[in-house]
Amino acid sequence: MSAIQDFMTLCCREQWRNGLFHHVSCEGDVLALQPQHHTGAFCLPPVDSGEKGFAWSRLIVDAELPQDSGLRIYTRCADEPDWKAWEELRAAFAAQEEENPLPLLRRCYGTPEPSGTDCWLSGTGRYLWVAFELTATGACMPSVTALHLRMGGDHMLDYLPSIYRGDDFTRRYLSIYNSMFQDMEDAVEALPRQLDAASASDEMLGCLAQWVCIEPGEKDVRARIRTALGDFESMYTVEGVKRSVYRLTGRMPLIIEHFSVDPNRADCRNPVLYRKLYGDNPYRFFILLDENAFASRDRMEWFLTRMQDLIPAGTELELVMLKQCVQLDWHTYLGVNSRVGSYIPAVIDENVTIHYDTTIGGATT
């Protein structure tokens, strides 16, 4: 049996917009029941199969149906595109503020299809009319994202002797297993796409993230999965720690390691100050962040807890919050060109070089 099935899919705004709306709105590419209403309907214009006497079969609706909500599906098949009731429905939907069009819709379409979003159609005809009735008694509204209509492909009945092929009951009975088999084949065929972070569904994306030890709640999970291998290889380097801090805070930190400010080095300018600031522990490093990096104390504690798993083993992390300030020194820019310092008198002669920042003035200036 061939795994290839031909489906017509309706899933975008351009395909919905010519339909009839009653308390249902098109939000992007999704048909959704309006929040202020508990019942609504949408009627799709006739779908053309291009073949007279076409035998419609499987209809699948992709829908979000929260608790206390429902979906009814109405269908009608005919070889002629002219359906007088369609104009009546159009007029009723246009005047819906004066009269509820739902009773007319139910009379025109007749009995709805069996409950569910995957059903078998037994009608024949070139054209197919489909209508949805959405209901909700809770706060969450139902919605429809796509409609799939089976247009062709192999059927289990095609592999039986011809004596069985004209039996409608046998076709309908085998269609249950035909759909199950096809769904399994589709799932197997889609497996490589589901294992690719770029094309995986949102549900599968969470599994892929857990496989590579990435929290699903992180930003841009798809990009994180693609770079996970390289990130793990450099996680415990200086660049890796900076990257981890940036992902948790959105700020690029400064990292100071002990050997960079070792007070025992011969070239250390101020050993006493460095020992006071950075201590003598060679396994401690410092992360310097802006004082506005955390919205609250709890957020900072969460950051420190998360970072314990993202630093090299045997090392200690100390967080330093930097405050914005102005340090007054001999040369300080305070918004105007200025120099802070005491006046030192000087004797100028042919042996003295006057530098560009030299202040010249008298003793009383």
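Every value quoted in this text rests on a predicted model; they were computed, and no experiment measured them.

*Asks:* How would you explain the overall build of the protein chain if you had to name every residue and give the values?
*Replies:* Broken down by element type, the protein chain carries 11 helices and 13 strands. Long-range contacts, defined as pairs at least 24 residues apart, comprise 65% of the intrachain contacts of the protein chain with a sequence gap of at least 6. When the accessible surface of the protein chain is totalled, it reaches about 23,100 Å², and 53% of it is carbon and sulfur.

*Asks:* Account for the environment of M141, naming residues and giving values.
*Replies:* Among the secondary structure elements, M141 is positioned in the loop between β9 (127-136) and β10 (143-153). A C-alpha to C-alpha distance of 8.5 Å links M141 and E64, two positions 77 residues apart in sequence. Sequence-distant contacts of M141, defined by excluding residues within four places in its chain, comprise L33, Q34, P35, H37, P66 and A136.

*Asks:* Go over the pairing of strand β3 (residues 24-27), please, and point to the residues and values.
*Replies:* Remark: a regular strand shows side chains that alternate across the two faces of the sheet. Of the two faces of β3, only the one carrying V24 and C26 is buried; S25 and E27 on the other face are not. When β3 meets strand β4 (residues 30-33), the two strands line up antiparallel, connected through four bridges. Looking at the pairing, V24 lines up with L33 of β4.

*Asks:* Mind laying out the pairing of strand β13 (residues 316-322), listing which residues take part and the relevant values?
*Replies:* In terms of strand pairing, strand β12 (residues 284-290) meets β13 through seven bridges, oriented parallel. Bridge pairing in β13 links I287 to L319. Read from β12 through helix α11 (residues 297-307) to β13, the crossover connection turns out right-handed.

*Asks:* Residues and numbers for the side chain of S57, please.
*Replies:* Take S57: it is sitting in the loop between β5 (39-48) and β6 (58-64). With relative accessibility at 5%, the residue S57 sits in the buried group. Of the polar contacts made by the side chain of S57, one reaches the side chain of R150; its length is 3.4 Å. If sequence neighbours within four positions are ignored, S57 has contacts with C119, W120, L121 and R150.

*Asks:* How would you summarise the sheet that holds strand β2 (residues 20-22) if you had to cite specific residues and measurements?
*Replies:* One open sheet accounts for four strands, arranged β2-β5-β9-β7; its pairing is antiparallel. Because the sheet does not close on itself, it has two edges, and the strands there are β2 and β7 (69-78). Shown here is a sheet whose adjacent strand axes are inclined to one another by a mean of 10°, direction ignored. Pairing geometry for β2 and β5, over three bridges, is antiparallel. In the strand pairing of β5, L20 is matched with C43. Strands in contact with helix α2 (residues 84-94) are β2, β5 and β9; relative to β2, the strand with the most contacts, it is inclined by about 40°.

*Asks:* Let's hear about the sheet that holds strand β11 (residues 254-257): which residues, and what values?
*Replies:* Taken in spatial order, the three strands make up an open sheet running β11-β12-β13, and their pairing is mixed. The open sheet has two free edges, formed respectively by β11 and β13, since each of these has just one partner strand. Between one strand axis and the next, the sheet turns by 25° as a mean value, whatever way the strands run. On top of the sheet, helix α9 (residues 238-249) reaches β11 and β12; it is set at about 40° to β12, its chief contact.

*Asks:* Tell me what's going on with the environment of D79, and back it up with residues and numbers.
*Replies:* Along the chain, the position of D79 falls in the loop between β7 and α2. Taking the C-alpha atoms as reference, D79 lies 4.6 Å from R126; in sequence the two are 47 residues apart. Contacts of D79, omitting those with residues within four sequence positions, involve K52, G53, G125, R126 and Y127. One polar contact links the side chain of D79 to the main-chain amide nitrogen of G53, over a distance of 2.9 Å. Reaching out from D79, the side chain makes a polar contact with the backbone nitrogen of R126 at a distance of 2.9 Å.

Each value, and the rule that gives it
- Residues numbered from 1 in each chain as written.
- Predicted model: local features only at pLDDT ≥ 70, side-chain atom pairs only at ≥ 80, totals over all residues.
- Heavy atoms only, no water.
- Helix = DSSP H or I, 4+ residues; strand = E, 2+ residues; numbered from the N terminus.
- Contact = heavy atoms within 4.5 Å.
- Areas by Shrake-Rupley, 256 points an atom, 1.4 Å probe, with all protein chains shown as cover.
- Buried < 20%, exposed > 50% of the residue type's maximum accessible area, 1.4 Å probe, protein only.
- Pairing = 2+ DSSP bridges.
- Right-handed = clockwise from strand over helix to strand, strands pointing away.
- Polar contact = N/O pair within 3.5 Å; in protein donor to acceptor, adjacent residues only side chain to side chain.
- Axes fitted to C-alpha atoms, helices over the stretch in contact; angles between N-to-C directions.

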